[in-house]
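# Tertiary structure, described
The lines below spell out each chain.
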Amino acid sequence: MRPFMFLIFSLFFLPLSWGQIETASDSSGAEKRMYIRRQVGPIEKRMDSLYQQRITQREINGIYIPRDLYDCFRVLDGAMEDDFKEYFMSLSDEEVDARTHGSLGLWMKHRWQLMEGSRLSDYFRKMGVPHPEYAVGIIIQTYHRKLHQRDLGVKELVQKFQKIWAKKQEEEAKALLGQ
């Protein structure tokens, strides 16, 4: 099976909830949160080796992958047509992600291989961004702020998405436990 097809198969057809539900607690023994620890088998090891290879590549399938947020801005400056840039800038900070996530965000996610793994997805992973969709939101919101010459607020956005992710994971764990 070709690596790309293998990756698609394993992402969509293997159960995502395989693993153990564990709880983390502090020194007093009070439970803080639940999380799902995934089992690591041969499929996961193969996927990890493909991921490790992809995150070192400057280009994937002939397409340049930005190395960081500022490189994303440079690429977007060159790729965005003037009429779309005008529309993008006319949106408020609160609505820019919701209005462009399904168009510009989808383009970035697929082109820059944020779901499959790339040096850009690894950059966001190292920043603590818990999911590629949140990385897309951060790129969109910070690019909008950059165009308006405002503070990017990257740290605050990362923390916001970490809280959202933690809540979703807790809800998923409770659902699996039937709570």
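Residues numbered from 1 in each chain as written. Predicted model: local features only at pLDDT ≥ 70, side-chain atom pairs only at ≥ 80, totals over all residues. Heavy atoms only, no water.

With that settled, consider the overall build of the protein. Counting its regular elements, the protein contains eight helices and four strands. Seen in sequence order, the protein has helices and strands lined up from the N terminus as α-β-β-α-β-β-α-α-α-α-α-α. By the burial criterion, 37% of the 179 residues in the protein qualify as buried. The contacts of the protein with a sequence gap of at least 6 include a subset with a gap of at least 24, amounting to 62%. Summed over all atoms, the accessible surface of the protein reaches about 11,200 Å², with 52% contributed by carbon and sulfur. (Helix = DSSP H or I, 4+ residues; strand = E, 2+ residues; numbered from the N terminus. Buried < 20%, exposed > 50% of the residue type's maximum accessible area, 1.4 Å probe, protein only. Contact = heavy atoms within 4.5 Å. Areas by Shrake-Rupley, 256 points an atom, 1.4 Å probe, with all protein chains shown as cover.)

Turning next to helix α6 (residues 119–127). An α-helical turn contains 3.6 residues, so any two residues separated by three or four positions project in the same direction. For α6, the set of buried residues is Arg119, Leu120, Ser121, Asp122 and Phe124. One or two positions beyond α6, positive phi appears at Gly128, with a value near 100°.

Quick look at the packing of helix α3 (residues 69–79) against helix α7 (residues 132–147) now. The interhelical angle for the contact between α3 and α7, taken along N-to-C directions, is 70°, at an axis separation of 10 Å. What the angle tells us is that α3 and α7 run roughly perpendicular. Of the two possible hands of crossing, α3 and α7 adopt the one that is right-handed. Contacts from Leu69, Cys72, Phe73, Leu76 and Asp77 in α3 reach Ile139, Thr142, Tyr143, Lys146 and Leu147 in α7. When its residues are assigned to classes, the contact of α3 with α7 shows seven nonpolar, one polar and two charged. (Axes fitted to C-alpha atoms, helices over the stretch in contact; angles between N-to-C directions. Parallel < 35°, antiparallel > 145°, perpendicular 65-115°, else oblique. Left-handed = near helix turned anticlockwise from the far one by under 90°. Nonpolar A, V, L, I, M, F, W, Y, C, P; charged D, E, K, R; others polar.)

Let us look at the packing of aromatic side chains. All chains considered together, the criterion is met by nine aromatic pairs. When the centroid spacing of 5.9 Å and the interplanar angle of 50° are considered together, the rings of Phe84 and Tyr87 count as tilted. Residue Phe84 and its partner Tyr87 are both found in helix α4 (residues 82–90); the two are separated by three residues, about one turn of the helix. We classify Phe84 as partly exposed; its relative accessible area is 25%. For Tyr87, a relative accessible area of 34% gives the class partly exposed. (Phe/Tyr/Trp six-rings, centres within 6.5 Å; stacked < 30°, edge-to-face > 60°.)

The full count for this structure, using the stated rule, is 11 salt bridges. The salt bridge involving Arg145 is made with Asp93; its shortest N-O contact spans 3.1 Å. Of this pair, Arg145 sits in helix α7 while Asp93 sits in the loop between α4 and α5 (96–111); the two residues are 52 residues apart in sequence, bridging distant segments of the chain. A relative accessible area of 15% means that Arg145 is categorised as buried. Linking Glu95 and Arg99 is a salt bridge whose minimum nitrogen-to-oxygen distance equals 3.6 Å. Looking at Glu95, the relative accessible area reads 27%, which means it is partly exposed. Salt bridges sharing common partners tie together Arg67, Asp71 and Arg74. (Salt bridge = Lys/Arg side-chain N within 4 Å of Asp/Glu carboxyl O.)

Our focus in this paragraph is α5. Of all the bends in α5, the greatest, near 60°, is centred on Gly102. Buried-residue contacts for α5 involve α3, α4 and α7. (Bend = angle between axes of the 7 residues up to and from the residue.)

Another point: the nonpolar core. Ranked by size, the top nonpolar core spans 32 residues in total, and within it Phe88, Met108, Trp112, Leu120, Phe124 and Ile139 carry the most contacts. It is α7 that provides the largest number of residues to this core, a total of eight residues. The contacts of Trp112, once residues within four sequence positions are left out, are Tyr64, Ile65, Pro66, Cys72, Val75, Leu76, Trp107, Ser118, Leu120 and Ile139. (Core = buried A, V, L, I, M, F, W, Y, C linked by side-chain atoms within 4.5 Å.)

Turning our eyes to something else, we now look at the confidence of the model for the protein. Here the protein averages 83 in pLDDT, while 74% of its residues score no lower than 70. Confidence over residues 5–21 falls short of pLDDT 50; this stretch has 32 contacts with residues more than four positions distant or in other chains. (pLDDT = per-residue confidence, 0-100.)

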